[in-house]
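Residue-level listing of the chains:
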Amino acid sequence: MKTLLIANARCVATFDHADPASASELRDASVFIRGNRIEAIGPAAALPASADEVIDARGHLVTPGLVNTHHHMFQSLTRAIPAVQNAELFGWLRGLYPIWLGLTPEMVRVSTQVAMAELLLSGCTTSSDHLYLYPNGVRLDDSIDAAREIGMRFTASRGSMSVGQSQGGLPPDALVEPEDFILRDAQRLIEQHHDGAWGAMLQIALAPCAPFSVSRSLMRETASLARNYRVRLHTHLAENDHDIAYTREKFNCTPAQYVQDLGWLGDDVWHAHCVKLDDEGISLFAATRTGVAHCPCSNMRLASGMAPVRRMLSAGVPVGLGVDGSASSDAAQMVNEARQAMLLARVARSLVAFGCDSGPAEMGARDALALATRGGAQVLGRNDIGHLAPGMCADLALFDLRTLAFAGAAVHDPVASLLLCASPPAAYTVVNGRLVVRQGQLTTVDLAPLIERHNALSMQLALSGP
């Protein structure tokens, strides 16, 4: 097997402990990789001095590869659309649904690679994606093919919408699918693509979109199918006030009561956003180890609110970070997402009218990085990624501390400076032992023609709308 040596790093932040304050941070250390696994971490003098490939990591911070727990990669085609720049969630969706009706298989493949390129260049090595609409022959296989080519570890979520406007749902009827077809296709995808083994590069999750676009029967049948095949479940929940109002009006309950009734609690489930999760919901999630994908940039962009992340963590809820759709956060930069999670948790003290009580110590830089690494791995049900230790998957990110963004900061605290300073690109990103970013450049696909084609498809999609 090929070997890779990351030699003489300024700092290796392992996140090898659930408490970030207790995790090992090794100075002047090296990481030795054999095949797709980490074989050794320690002082440079104690590790092999040579390998098939050696990265001179002097002046670099090494972290676990970041883990993105919620995304809609096709939405990179509709970033910064003027008509919805200042809309909240429901208005934003109503403005974009007619445009997304023009989505094609090529658009999904290209937009998936653009989104993944942005993630990989920010040090993210594992991502989920929630593709929930399938017009014009689009299939989840289009995303899967794109991920395999670009080299990202991938949880592909088979999203679905079955309740259109004529039945009281939010999406247009032209974007919903028959429920029997959804379930058949979900079973096909699991049987054809899901890998439940240690170190899997591709896993399938089942992900009905939201209470306002799927039926209760589809939620129940999806949960039954997923548990029969031992795959994970994902959906949107309690994203903003309108989301709460819809659930109360249609189902006469809170979002947490809704998922409890449908069997959507458990350590095989994670919910996106949970901005408006109440105390009862937090207790239910903690007791059942139900996960949350916290998406601070999107929640701020759409004015959805601030998820009670510190209360969730204190109660024992598993929490990871998600960049969300590239048209709701308009970015897929995981270091920036972690930075925003840290800052948003701190600023909540000024909003006492909302019952918040926090301050500068609410979330430290290491706490936020733990959400982006260990937390994300836990939410996705992975015990083979998320921290650095011998035997773990070789997923790592390297950041050059000698750049302008870190001047006067990395000399004091190289780990905290990653979030306290401007969010930098990764110098190197390693996925499953493979260098997919080298010296800040993607190695697996040619980025310039990809961006050019993506821009052309973005204009084509926008012109196909109303």
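Quick notes on the rules
- Residues numbered from 1 in each chain as written.
- Predicted model: local features only at pLDDT ≥ 70, side-chain atom pairs only at ≥ 80, totals over all residues.
- Heavy atoms only, no water.
- Helix = DSSP H or I, 4+ residues; strand = E, 2+ residues; numbered from the N terminus.
- Polar contact = N/O pair within 3.5 Å; in protein donor to acceptor, adjacent residues only side chain to side chain.
- Contact = heavy atoms within 4.5 Å.
- Phe/Tyr/Trp six-rings, centres within 6.5 Å; stacked < 30°, edge-to-face > 60°.
- Lys NZ or Arg CZ within 6 Å of the ring centre and 35° of its normal.
- Buried < 20%, exposed > 50% of the residue type's maximum accessible area, 1.4 Å probe, protein only.

Participant: Any chance you could break down the side chain of Asn-432 for me, citing the residues and the numbers?
Facilitator: Mapped onto the fold, Asn-432 is located in the loop between β15 (428–431) and β16 (434–438). Among the polar contacts listed, one links the side chain of Asn-432 to the side chain of Arg-153, at a separation of 3.0 Å. Excluding anything up to four places from it in sequence, Asn-432 contacts Gly-35, Asn-36, Arg-153, Gly-199, Met-201, Ala-394 and Asp-395.

Participant: Summarise the packing of aromatic side chains; cite the residues concerned and give the values.
Facilitator: Here the structure, examined in full by the defined rule, presents 8 aromatic pairs. Between Tyr-246 and Phe-251, the aromatic rings sit 6.4 Å apart at their centres with planes inclined by 70°, giving edge-to-face as the arrangement. Connected via pairs of aromatic rings, a cluster forms that spans Phe-74, Trp-92, Tyr-97, Trp-100 and Tyr-132. Sitting over the ring of Tyr-134, Arg-158 keeps its end group 4.2 Å from the ring centre.

Participant: Residues and numbers for the environment of Ile-204, please.
Facilitator: By the secondary structure assignment, Ile-204 is in strand β9 (residues 202–208). The class of Ile-204 is buried, set by a relative accessible area of 2%. Taking C-alpha positions, Ile-204 is 22 Å from Val-430, a pair spaced 226 residues apart along the chain. Here Ile-204 is in contact with Leu-140, Ile-144, Ala-156, Leu-189, Ile-190, His-193, His-194, Val-231 and Arg-232, once residues within four sequence places are set aside.

Participant: Just give me the short version of the environment of Asp-243, but keep the residues and values in it.
Facilitator: Locating Asp-243 in the fold gives a position in helix α6 (residues 241–251). The exposure class assigned to Asp-243 is buried, which follows from its relative accessible area of 1%. Other than its neighbours up to four places away in sequence, Asp-243 contacts Phe-90, Pro-211, Phe-212, Leu-237 and Ala-238. Here the side chain of Asp-243 touches Ala-238 through a polar contact of 3.2 Å, landing on its backbone nitrogen.

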